[in-house]
Amino acid sequence: MPTISDVAARAGVSTATVSRALNGKATVDPDLAARVRTAATELGYQPNGPARALRRQEAAVVALIISDVENPFFTALARGVEDVAHEVGYSVVLCNSDENADKENRYIDIAIQERVAGVILSPSGTATSVAKLANRGTAYVAVDRPLPEQDSDAVLVDTRQAAKQATAHLIAQGYERIGCITGPAGVRTADDRLAGYRDGLKAAKRRSTTRLVRRSEYKAAGAHRAALELLSQAEPPDALLIANSAMAVGVLQALQERGIRAGREVGLVAFDDAPWAELVDPPLSVVAQPAYEIGTVAARLLLARIADNSRPPTTTTLGARLIERASSVQLDRR
């Protein structure tokens, strides 16, 4: 493991200069600071986070603010964050905003009061309070959704493209009236998945219609109501693209109540490969997002931001993967 002395020797400066440069002190000449950062990167130097936090009178703690603690996607993401943080001596405090901007704001205030070293958050909507973190100089990274009107580090997934691919898959299987149940308007992931669904229809020269689209909160109850509305129409959908696994539970419940067989009478593809997705009958086709990888990448970005808050912000966009199962693939539809 390289030390601060190794970095100093590589850059041709003192260890004190290395410390000031990596902590983003304005007293260090910019060219010199760049040389130090280059040396640190070449050596793979990872500063002692807890020791730095102690010097800054910060806790060696990272706050992770997620929008739904019951969603398996965020459970896997949190594990990725925790694994990376633990490697370098940081602890992680989990906060659940419940897609509520006021609750998210309260957790941000607590993070500031407790002097955490950094914050990773999944923004709850179109407005956020991260400006308070920026004003204090607290490092932060957005996950799953970008921060509105904020130029920050972010780790995202190209869910629009994934939704387009899932819609194309349903079209290829012979489904004619493909509907979409997505999340609230103004939530980036919900809007992107709806846009991708429409992209898929357009690419196949099919018209999209609002009659086959419903929005609800990212919860089972909302998707249950939305599915019942769609299924009650004179011409109900014969397939559905569903924006997350919690909503898929509500859709499956609605189908069961109506005596409709998933995969036989209504094809289904849902975002996120929940642990139960292969266990239902028929197994659920999913768009699998790399949730654990999102967490690990975000944690490493945050640690880099804690070490050097002057770094230019970066956005990492990961891909998703369609897993075809029997809920959308039928022999008689091939």
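Quantities reported herein were computed from a predicted structural model and do not represent experimental measurements. (Residues numbered from 1 in each chain as written. Predicted model: local features only at pLDDT ≥ 70, side-chain atom pairs only at ≥ 80, totals over all residues. Heavy atoms only, no water.)

**Q** Is there a simple way to explain the overall build of the chain in this structure?
**A** A count of helical and extended segments in the chain gives 12 helices and 12 strands. Overall, the C-alpha framework of the chain stretches about 75 × 35 × 35 Å when taken along its three principal axes. Across the 334 residues that make up the chain, the buried fraction comes to 51%. Restricting the contact set of the chain to residue pairs at least 6 apart, pairs at least 24 apart contribute 69%. Here the chain holds 40 positive side-chain charges and 39 negative ones, and the gap between their average locations is 3 Å. (Helix = DSSP H or I, 4+ residues; strand = E, 2+ residues; numbered from the N terminus. Buried < 20%, exposed > 50% of the residue type's maximum accessible area, 1.4 Å probe, protein only. Contact = heavy atoms within 4.5 Å. Lys, Arg positive; Asp, Glu negative; His and termini not counted. Charge placed at Lys NZ, Arg CZ, Asp CG, Glu CD.)

**Q** Would you mind going over the side chain of S152 with me for this structure?
**A** Summarising the element assignment, S152 is placed in the loop between β4 (139-143) and β5 (153-157). What makes S152 buried here is its relative accessible area of 9%.

**Q** Before we go on, may I ask you to explain the pattern of salt bridges in this structure?
**A** Close approach of charged atoms allows side chains with opposite charge to pair. Counting across every chain of the model gives 18 salt bridges. Between R305 and D153 there is a salt bridge, with its nearest N and O atoms 2.8 Å apart. Remark: D153 occurs in strand β5 and R305 occurs in helix α12 (residues 291-307); sequence separation between them is 152 residues. Of the two residues examined, R305 and D153, each falls in the buried class. Between R325 and D273 there is a salt bridge whose closest N-O contact spans 3.1 Å. Of this pair, R325 sits in the segment after β12 (321-323) while D273 sits in the loop between β9 (267-271) and β10 (285-288), and the two are 52 residues apart along the sequence. Here R325 falls in the buried class, since its relative accessible area comes to 11%. Three or more residues joined by partner-sharing salt bridges are found here, namely E99, D144 and R145. (Salt bridge = Lys/Arg side-chain N within 4 Å of Asp/Glu carboxyl O.)

**Q** Looking at this structure, how should I read the packing of aromatic side chains?
**A** Each pair of aromatic rings is reported with the distance of its centres and the angle of its planes. Throughout the structure, instances matching the rule amount to one aromatic pair. The interplanar angle of 80° and the centroid separation of 5.0 Å between the aromatic rings of F73 and F74 together place this pair among those described as edge-to-face. Of the residues examined, F73 reaches a relative accessible area of 6% and is grouped as buried. Sitting above the plane of the F271 ring, R193 keeps its charged end 4.3 Å from the centroid. (Phe/Tyr/Trp six-rings, centres within 6.5 Å; stacked < 30°, edge-to-face > 60°. Lys NZ or Arg CZ within 6 Å of the ring centre and 35° of its normal.)

**Q** Please explain the domain arrangement of the chain as it appears in this structure.
**A** Interfaces are often sized by the amount of accessible area the parts lose when they come together. Under the domain assignment used here, the chain contains domain 1 (4-47), domain 2 (56-157 + 291-319) and domain 3 (159-288). Placing the centre of domain 2 and that of domain 3 at their C-alpha centroids yields a distance of 29 Å. Across the contact, 13 residues belong to domain 2 and 13 residues belong to domain 3. With both chains or domains summed, domain 2 and domain 3 bury close to 980 Å², and 52% of this area falls on carbon and sulfur atoms. Broken down residue by residue, the surface that domain 2 buries against domain 3 is led by P72, R145 and V157, which jointly contribute 34%. Remark: the boundary between domain 2 and domain 3 carries one salt bridge. (Domains from an automatic or database assignment. Buried area = accessible area lost by both parts, 1.4 Å probe.)

**Q** Would you mind showing me how to read the environment of A239 here?
**A** Along the chain, the position of A239 falls in strand β8 (residues 239-242). The spacing of A239 and S328 is 89 residues in sequence and 8.0 Å in space, taken between C-alpha atoms. In contact with A239, other than residues within four places in its own chain, are L170, Y175, R177, I178, G179, V266 and G267.

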